[in-house]
Amino acid sequence: MLDIKWIRENTEKFDTAMKNRGSSVTSSNLLELDKTRRNIINKMQELQAKRKTISKEIGMLKAKGGDAAALLEEMQGISPAVKNLEEQDRQANIELENALIALPNIPEDCVPAGKDEDDNVEIKKWGTPREFDFEPSPHYEFGEKLGLDFATGAKLTGARYAWLQGDIARLERAIATFMLDHLRDKGFTEVSVPLIVNDASMIGTCQLPKFAEDSFNVGDDRWLIPTAEVPLTNSMRDTIVAPENLPIKMCAWTPCFRSEAGSAGKDTRGYIRMHQFFKVEQVVIAHPEKSDELLNELTKNAEEILEKLNIPYRTIILCTGDMGFSAKKTYDIEAWVPTQNTYREISSCSNCGDFQARSMKARFKNKEGKTEFVHTLNGSCLATGRTLVAILENYQNEDGSLTIPDVLQPYMGGQKVISVK
RNA sequence: GGAAGCGUGGCAGAGCGGUUGAAUGCACUGGUCUUGAAAACCAGCAAGGGUGAAAGUCCUUCGAGAGUUCGAAUCUCUCCGCUUCCGCCA
């Protein structure tokens, strides 16, 4: 959530940022709401103060055994009036908050302005795509013979669910363990988190109220996590951390659940866009001065995984129109998919600044002893399902077998190849 | 799932319906003392918001919400959470 005070003081910047984000909201309407709200507050507080002093006087008088009739008379009508103003205040706050909560984060200055994914900017390219001396097969065809089974997934649940069997299932687990070990070496603390969270957590990381459709609601106020970012980041909700404890680096390997509303027809083939997929997620709670640097670190951690796996990739910076709601800067990493002759998203690393921290009330004490919002960052390292896809695509052999990347072999008990049964 | 108890500041822990935003202890910060440290002593130390250039000042907040009252941390109700016991069960 954005800070109304900041908007008040940076109206022009706010207006251009919203325009670049593809939002039609302007500051004027918000400032109007803010103004009426503050007017109500002033009136309300004046009356509250009156009630408080008279009430104290009554108390003192009664303690001395005096007659408070005159004061009680004066109090007549104050309480209902206060209550009325308090109600108005509540309404005004809700109205302002509803307006604010619908606004995306302000992009950082260095983020390229643009409308959609076509305006994203490539900033790095690594590795050379393999020269195949045979026609490579798409992972969903080639992988099927190795245990990647969509039919059984569809039978059990429906479209966009898969059944992985045998070595291919083991390989996905190996991938995840490899990634977690990598992050452990980087100083991340591994966490095993709840996979179901409440409304407050979903609001904390800004999945709610705007994107309720994207997640699975499991009754009342509970949700299946769309990413481990939600539980990990929300661990800091309503807390004030000591600055010496920053940054806090956490990671978790979890299933992620997404309804994929609005993506009908997209990526329907293959293990790319599932309702349920595994992902290793990194979350960092940072000092505001360090968050930019830490975003580079998160991105590098993810890139290193692909380098160790020897999978070509490119890193892009998302333009203003393509960035996620909470982010002020995002790097996407895309892995090479030979049969599509293109790079496909495998990781997304974002600096959310104080955007989530404000809705979560996650703070720290700064040098002056004042509380200040922390910055939150998150990034996949990586989506394990899509990493499996990248390996299937890049490491396949002509005879239908799959070479296991060197770094993963220790996690597979030394196995070097997955062969067709 | 059933029953009982409990939810107060970073933590522990007081708090007859009325000068209680809240005693006390610990922790923390600054100071005195010391060659230095410890100890001792002195002082400070909640968050959010309004107003203000600032100093300041005012309002709100004792799990959340509603109610009783001139006045609620304190009384009533609902909800949430935790603990213990019983039941069930990886």
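Up top you'll find the structure we're talking about.
Definitions and cut-offs
Residues numbered from 1 in each chain as written. Chains lettered and ligands numbered in written order. Predicted model: local features only at pLDDT ≥ 70, side-chain atom pairs only at ≥ 80, totals over all residues. Heavy atoms only, no water. 1 Å grid on protein atoms, 1.4 Å probe; cavity = no way out; pocket = protein on both sides within 12 Å on 5 of 7 lines; lining within 4 Å. Points joined across faces, edges and corners; volume = space filled by probe spheres on them. Nonpolar A, V, L, I, M, F, W, Y, C, P; charged D, E, K, R; others polar. Near = heavy atom within 4 Å. Polar contact = N/O pair within 3.5 Å; in protein donor to acceptor, adjacent residues only side chain to side chain. Helix = DSSP H or I, 4+ residues; strand = E, 2+ residues; numbered from the N terminus. Patch = residues over 30% accessible without salt bridge, like charges linked within 9 Å, V, L, I, M, F, W, Y side chains within 5 Å. Areas by Shrake-Rupley, 256 points an atom, 1.4 Å probe, with all protein chains shown as cover. Salt bridge = Lys/Arg side-chain N within 4 Å of Asp/Glu carboxyl O. Lys, Arg positive; Asp, Glu negative; His and termini not counted. Charge placed at Lys NZ, Arg CZ, Asp CG, Glu CD. Buried < 20%, exposed > 50% of the residue type's maximum accessible area, 1.4 Å probe, protein only. Pairing = 2+ DSSP bridges. Core = buried A, V, L, I, M, F, W, Y, C linked by side-chain atoms within 4.5 Å. Contact = heavy atoms within 4.5 Å. Axes fitted to C-alpha atoms, helices over the stretch in contact; angles between N-to-C directions. Parallel < 35°, antiparallel > 145°, perpendicular 65-115°, else oblique. Left-handed = near helix turned anticlockwise from the far one by under 90°. Phe/Tyr/Trp six-rings, centres within 6.5 Å; stacked < 30°, edge-to-face > 60°.

Right, let's get into the layout of surface pockets. Approximately 480 Å³ is the volume found for the second largest pocket. Forming the boundary of the second largest pocket are 19 residues, of which Trp6, Asn105, Ile106, Asp354 and Arg358 lie nearest the centre. The residue inventory of the lining of the second largest pocket, partitioned by class, reads 8 nonpolar, 3 polar and 8 charged.

A separate point is the protein's contact with RNA strand B. Taken together, the neighbourhood of RNA strand B is formed by 23 residues, with Asn42, Gln48, Met75, Ser79 and Lys365 sitting nearest. Of what RNA strand B places within 4 Å of the protein, 72% of the atoms are sugar or phosphate. Note that a phosphate oxygen of RNA strand B is positioned 2.4 Å from one of the side-chain N or O atoms of Ser79. For the surface near RNA strand B, the secondary-structure elements that each account for two or more residues are helix 1 (4-9), helix 3 (27-63), helix 4 (69-75), helix 5 (78-101) and strand 13 (362-365). Considering each element in turn, the surface near RNA strand B owes the most residues, 13 residues, to helix 3. Residues that form the surface near RNA strand B fall into these classes: 6 nonpolar, 7 polar and 10 charged.

There is a patch of like negative charges on the surface, built from Asp116, Glu117, Asp118 and Asp119. Positionally, Asp119 belongs in the loop between helix 5 and strand 1 (121-126).

Attention now moves to helix 13 (residues 384-394). The buried fraction of helix 13 is high, at 10 of 11 residues. Along helix 13, the residues classified as buried are Thr384, Gly385, Thr387, Leu388, Val389, Ala390, Ile391, Leu392, Glu393 and Asn394.

Let us now look at the sheet that holds strand 8 (residues 248-257). Within a sheet, neighbouring strands are paired by backbone hydrogen bonds and run either parallel or antiparallel to one another. An order of 1-10-11-12-15-9-8-4 is seen for the 8 strands of this open sheet, with the pairing classed as mixed. The open sheet has two edge strands with one neighbour each: strand 1 and strand 4 (189-190). By the bridge criterion, 3 bridges tie strand 12 (residues 342-351) to strand 15 (residues 375-383) in an arrangement that is antiparallel. The residue of strand 15 that forms the bridge with Asn351 is Leu377.

Nonpolar side chains in soluble globular proteins generally cluster together in the buried interior. Ranked by size, the top nonpolar core spans 52 residues in total, and within it Leu171, Ile391 and Leu402 carry the most contacts. In terms of residues, this core owes the most to one element, helix 8 (residues 167-185), which gives 9 residues. Sequence-distant contacts of Leu402, defined by excluding residues within four places in its chain, comprise Phe142, Leu146, Leu171, Ile391, Leu392, Tyr395, Gln396, Asn397, Lys416, Val417 and Ile418. Formed by 17 residues, the second largest nonpolar core is a distinct cluster that contains Ala17, Leu30, Leu33 and Ile101.

Turning our eyes to something else, we now look at the sheet that holds strand 14 (residues 371-373). Reading across from one edge, 7-13-14 is the order of the 3 strands in this open sheet, with mixed pairing throughout. Each edge of the sheet is formed by a strand with only one pairing partner; in this case those strands are strand 7 (239-241) and strand 14. Here the average twist between neighbouring strands, direction ignored, is 40°. Summarising the sheet, strand 7 and strand 13 pair through 3 bridges and their orientation is parallel. Bridge pairing in strand 13 links Ile240 to Arg363.

Let us look at the packing of helix 8 against helix 13. Between two packed helices, both the angle of their axes relative to each other and the distance between the axes serve to describe the pair. The N-to-C vectors of helix 8 and helix 13 enclose an angle of 115°; their axes lie 10 Å apart at closest approach. Viewed along their axes, helix 8 and helix 13 adopt a mutual orientation that is roughly perpendicular. Helix 13 is crossed by helix 8, and the crossing has right-handed handedness. Contacts between helix 8 and helix 13 involve Ile168, Leu171, Glu172, Ile175, Ala176 and Met179 on the former and, on the latter, Thr384, Gly385, Thr387, Leu388, Ile391 and Leu392.

A few words now on the packing of aromatic side chains. Note on aromatic pairs: each is described by the distance of the centres and the angle between the planes. Scanning the entire structure with this criterion turns up 8 aromatic pairs. Seen in terms of ring centroids, Phe132 and Phe134 are 5.4 Å apart; in terms of plane orientation they differ by 90°. Their pairing is edge-to-face. By relative accessible area, which is 19% here, Phe132 ends up buried. The class for Phe134 is buried, based on a relative accessible area of 14%. Plain terms: the ring middles of Trp253 and Phe278 are 5.2 Å apart, the flat faces sit at 40° to each other, and that makes the pair tilted.

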